[in-house]
Amino acid sequence: MTIVEIKAADLQPETFIEDQCRSISRQVGDSRAVNALSGGVDSSVTTLLAHRALGDKLLTYFIDNGLMRQGEPEAVVAAMRQLGVPVERVDARDEFFTALKGKANPEEKRQAITDTFYKTVFGRLVKESGASCLLQGTIYTDVEETVAGIKRQHNILAQLGIDTEAAFGYKVVEPLIQLRKTGVRAVGKALEMPEAMYNRPPFPGPALAARIVGEVTPGRVELVRAATAVVEAELAGVDAFQYLAILHEDRMTGMRDGKRDYGWQIEIRCWDSENAVTATPTDLPFNLLRKMAGRITAEVPGVVSVTYNITAKPPSTIEAV
Ligand code: XMP
């Protein structure tokens, strides 16, 4: 199937919403649909569209994979409930950490997350609920980069030749697949979402695992989660596309309390971008960078080095893994 992009300039959000609601109802038919809400813009817009189309035939789940940011599971579930959409939080932390154990290779980590999400967790939820479809917020950029072989985005299935009905026992419905991020935000606004929700900086499907070089363990997630909280708090007022913290694998020599301390390295990235296809590092004030380094080394145990990425995408990518 060839996917035809709808460019932001050509998008008519109201018409798009009507068309997609009709299409979702048609594809789900008399059955029920399960919906994967992560709290990002794409999955939140998908959730509101599907709720409008299906009402209580839609079962929305937030999967707590142990890889989310500080306070995120609670905040996402509460924000969606405020909009009248029932959401169930599913604790799948052990399943994800077990699948990630011992894996350092980026593609193997991505594969482990994909398998746990689609086969183990959603395979079970779909079976238990008697649903026939899974709704998800895949967008055009995800497909493009995966098909081009740049990175396997975790939500890409059919475009890689995966027959989801045969592999997992359900059909996948992707109402936003023709849009890029700018278009998705316009649809979110037209759906009367709060601005903080439709303008939320993007966050990757593999969550903090996309920001850990090397093995993903609960302890390493804690480190990158604490660094992320500092970066997000300090950069909240900056006009940037996305900002993040990455935990490196190498230990480096530092010093603490007058003694040598082999510690961890955190890399800060902050991006200017239109649609994530290309990006340039934001020209942040040096004082702000210094302040973040001071806070991270003081607040995140064992960190002795903080760097700022000054490379553009390409050749960098936005996330590290
Ligand atoms: P990259 O790192 O490929 O990210 O330049 C492009 C945009 O997509 C977001 N994003 C993902 N990135 N794996 C990724 O590597 C995913 O599964 C994924 N989902 C979303 C990323 O945060 C950036 O905005």
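These numbers were taken from a predicted model, which means no experiment stands behind them. (Residues numbered from 1 in each chain as written. Predicted model: local features only at pLDDT ≥ 70, side-chain atom pairs only at ≥ 80, totals over all residues. Heavy atoms only, no water.)

Caption draft 1: Representation of the nonpolar core. In terms of nonpolar packing, the biggest core is built from 89 residues, with Ile63, Leu67, Phe122 and Ile296 touching the most fellow members. Here the element with the most residues in this core is helix α5 (residues 106-129); it accounts for 8 residues. For this core, the two domains that each supply at least three residues are domain 1 (8-198) and domain 2 (212-308). Ignoring anything within four residues of it in the chain, the contact list for Ile296 reads Ala227, Val230, Val231, Ile266, Ile268, Val303 and Val306. In this structure, Phe241, Ile246, Trp271 and Ala279 belong to the second largest nonpolar core, which totals 7 residues. (Core = buried A, V, L, I, M, F, W, Y, C linked by side-chain atoms within 4.5 Å. Buried < 20%, exposed > 50% of the residue type's maximum accessible area, 1.4 Å probe, protein only. Helix = DSSP H or I, 4+ residues; strand = E, 2+ residues; numbered from the N terminus. Domains from an automatic or database assignment. Contact = heavy atoms within 4.5 Å.)

Caption draft 2: Expanded view of the pairing of strand β8 (residues 259-272). β8 sits mainly inside the fold: 10 of its 14 residues count as buried. Note that strand β6 (residues 242-247) and β8 share 6 bridges and pair antiparallel. Bridging across to β8, Leu244 finds its partner in Arg269. Pairing analysis gives 5 bridges linking strand β7 (residues 252-256) to β8, with the strands arranged antiparallel. By the bridge assignment, Met255 is partnered in β8 with Arg260. Taken together, the 5 bridges between β8 and strand β10 (residues 303-308) define a ladder with parallel strand orientation. Bridging across to β10, Gln265 finds its partner in Ser305. (Pairing = 2+ DSSP bridges.)

Caption draft 3: Expanded view of unusual backbone geometry. Going from Lys313 to Pro314, the amide bond is cis rather than trans, its omega being -15°. Residue placement: Pro314 occurs in the segment after β10. At the junction of Pro314 and Pro315, the peptide bond is cis and its omega measures out at 10° in the coordinates. Along the chain, Pro315 turns up in the segment after β10. In the Ramachandran plot, Ala207 falls in the positive-phi region, its phi being about 55° despite a non-glycine side chain. Assignment of secondary structure puts Ala207 in the loop between α9 (195-198) and α10 (218-235). Residue Ala207 is classed as buried on the basis of its relative accessible area, which comes to 1%. The backbone phi angle of Asp257 is positive, close to 50°, even though this residue is not glycine. As for its placement among the helices and strands, Asp257 is situated in the loop between β7 and β8.

Caption draft 4: Just the side chain of Gln20, in detail. Note on placement: Gln20 falls in helix α1 (residues 13-28). Exposure remark for Gln20: the relative accessible area of 13% places this residue in the buried category. Leaving out residues up to four positions away in the same chain, Gln20 has contacts with Leu49, Pro175 and Gln178.

Caption draft 5: Seen up close, the domain arrangement of the protein. Per the domain assignment, the segments making up the protein are domain 1 (8-198) and domain 2 (212-308). In this structure, domain 1 and domain 2 have C-alpha centres spaced 28 Å apart. Here domain 1 meets domain 2 over a buried area of about 1,300 Å², counting both sides, of which 54% is carbon and sulfur. Put simply, domain 1 and domain 2 have 1 salt bridge between them. A salt bridge links Arg69 to Glu232, with the nearest nitrogen and oxygen atoms 2.7 Å apart. The tally of links between domain 1 and domain 2 comes to 6 residue pairs in polar contact (both at pLDDT 80 or more). (Buried area = accessible area lost by both parts, 1.4 Å probe. Salt bridge = Lys/Arg side-chain N within 4 Å of Asp/Glu carboxyl O. Polar contact = N/O pair within 3.5 Å; in protein donor to acceptor, adjacent residues only side chain to side chain.)

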